[in-house]
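Letter by letter, the chains look like this.
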Amino acid sequence: MAMRQTPLTCSGHTRPVVDLAFSGITPYGYFLISACKDGKPMLRQGDTGDWIGTFLGHKGAVWGATLNKDATKAATAAADFTAKVWDAVSGDELMTLAHKHIVKSVDFTQDSNYLLTGGQDKLLRIYDLNKPEAEPKEISGHTSGIKKALWCSEDKQILSADDKTVRLWDHATMTEVKSLNFNMSVSSMEYIPEGEILVITYGRSIAFHSAVSLDPIKSFEAPATINSASLHPEKEFLVAGGEDFKLYKYDYNSGEELESYKGHFGPIHCVRFSPDGELYASGSEDGTLRLWQTVVGKTYGLWKCVLPEEDSGELAKPKIGFPETTEEELGKY
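Residues numbered from 1 in each chain as written. Predicted model: local features only at pLDDT ≥ 70, side-chain atom pairs only at ≥ 80, totals over all residues. Heavy atoms only, no water.

Novice: Honestly, the sheet that holds strand S16 (residues 165–170) in this entry has me stumped. Any pointers?
Specialist: The pairing of strands in a sheet comes from backbone hydrogen bonds and takes either a parallel or an antiparallel form. With respect to topology, four strands assemble into an open sheet ordered S14-S15-S16-S17, the strand pairing being antiparallel. Edge strands, defined here as strands with exactly one partner in the open sheet, are strand S14 (148–152) and strand S17 (175–181). Between one strand and the next, the sheet's axes are offset by a mean angle of 20 degrees, whatever the strand orientation. Inspection of the sheet shows S14 paired to strand S15 (residues 157–161) by five bridges, in the antiparallel sense. Residue pairing for S15: Leu150 is matched across the bridge by Leu159. (Pairing = 2+ DSSP bridges. Helix = DSSP H or I, 4+ residues; strand = E, 2+ residues; numbered from the N terminus. Axes fitted to C-alpha atoms, helices over the stretch in contact; angles between N-to-C directions.)

What follows is the structure, given as structure tokens:
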């Protein structure tokens with residue numbers, strides 16, 4: 001019996017949602033942060049989408065947002081020429097890191113002691129968060145604005161993407177190891193530490209490369225321009241979303257399209273699997289985040305699969321049961 005995918009809609013933002021990130025799994029569950037052009041990044045409970053708080057302080061669109069592994073710190077990258085580091089428990093701003101142009105990307109090291117930033121001024125910066133007054137280390141070499149910058153290989157290396165180039169850098173020597181060139185604009189990049197896999201999207205392509213050598217592993221073509229893709233933690237599936245408002249789910253091994261869902265009312269800008277792989281989140285031009293089940297019909301978070309009594313004579317219809325307050329609570333903020 002085919003189950004119907006029923007996404008959870010997380011409202012609250014007033015402009016397009018352009019980036020999102022999950023924390024690792026903590027004793028309190030896992031968490032989700034979203035970056036939005038309204039300048040107000042939001043923190044949510046990852047498995048339900050319930051709003052926890054909004055980080056207030058940026059004076060321009062927020063282009064990038066991330067959480068450290070244990071969800072105690074958040075970092076945001078914004079059009080006000082700053083990156084900010086926040087206490088993700090209290091919501092307090094811990095530091096503002098001034099830049100010379102729009103900041104697009106932020107990423108913590110695994111120990112949360114360093115922050116990597118990248119943006120329109122084409123420089124990678126590494127800040128020592130224990131010495132915020134110190135000047136950051138800078139790495140130059142990109143020829144256009146940096147869209148994404150990520151730590152990899154246990155923070156020994158850095159991956160960064162500008163318009164049509166992905167570069168691998170050595171952290172110790174601050175030098176470029178290798179680069180990949182594309183014939184069209186790179187729209188997103190995801191790094192999977194387990195197996196050292198790099199997921200890159202450009203045009204309608206979703207490409208997988210080794211994060212160590214940058215050698216290609218495989219690539220898939222989607223029916224529309226793709227803005228973001230994410231690989232399932234178990235590497236069984238990948239999901240992708242883009243300009244046709246749809247989310248596509250593919251079998252990672254065969255490349256077969258398994259499902260596609262239209263749930264947003266605008267292009268999809270970002271999609272990520274949760275750390276346990278049970279759901280994936282998407283952020284869109286329509287100002288909403290949506291949470292989708294990896295296995296439709298499973299009881300998880302706010303999803304509850306209810307089957308009618310067998311002796312009622314009715315055909316079994318799966319229902320999704322939500323606590324009555326959920327929509328109202330999300331609507332308040």
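Novice: Is there a simple way to think about the sheet that holds strand S22 (residues 226–231) in this case?
Specialist: If you trace the four strands from one edge of the open sheet to the other, you get S22-S23-S24-S25, paired in antiparallel fashion. Unpaired on one side and paired on the other, S22 and strand S25 (257–262) mark the two borders of the sheet. Mean inter-strand twist for the sheet, computed between neighbouring axes without regard to direction, equals 20 degrees.

Novice: Teacher, can you tell me more about the confidence of the model for the protein chain here?
Specialist: Low pLDDT marks stretches whose predicted atomic positions should not be read closely. Within the protein chain, residue pLDDT values average 92, and 92% of them lie at 70 or more. In the model, residues 310–333 has pLDDT below 50 throughout and makes 37 contacts with residues more than four positions away in sequence or in other chains. (pLDDT = per-residue confidence, 0-100. Contact = heavy atoms within 4.5 Å.)

Novice: Would you explain the packing of aromatic side chains in this entry?
Specialist: Here the distance between the centres and the angle between the planes together describe a pair of aromatic rings. In total, this model carries 10 aromatic pairs according to the counting rule given. On the basis of an interplanar angle of 65 degrees and a centroid distance of 5.4 Å, the ring pair of Phe273 and Tyr280 is categorised as edge-to-face. Look at Tyr280 and Trp292: their rings are 6.5 Å apart centre to centre, the planes differ by 10 degrees, and that puts the pair in the stacked class. Separated by 12 residues along the polypeptide, Tyr280 in strand S27 (residues 279–284) and Trp292 in strand S28 (residues 289–293) bring together distant segments of the chain. Residue Tyr280 is classed as buried on the basis of its relative accessible area of 1%. Taking relative accessible area as the criterion, Trp292 reaches 1% and is therefore assigned buried. (Phe/Tyr/Trp six-rings, centres within 6.5 Å; stacked < 30°, edge-to-face > 60°. Buried < 20%, exposed > 50% of the residue type's maximum accessible area, 1.4 Å probe, protein only.)

Novice: Honestly, the pattern of salt bridges in this entry has me stumped. Any pointers?
Specialist: It is possible for side chains of opposite charge to pair when their charged atoms get near one another. Evaluation of the coordinates by the stated rule reveals 11 salt bridges. For Asp19, the salt bridge identified is with Lys148, shortest N-O distance 3.6 Å. Placement of the pair is Asp19 in strand S2 (residues 17–22) and Lys148 in strand S14, with a sequence separation of 129 residues. As far as burial versus exposure is concerned, Asp19 and Lys148 are alike and both buried. Put simply, Glu93 and Lys84 hold a salt bridge, and the shortest N to O gap is 3.3 Å. Under the relative-accessibility criterion, Glu93 is labelled partly exposed at 35%. (Salt bridge = Lys/Arg side-chain N within 4 Å of Asp/Glu carboxyl O.)

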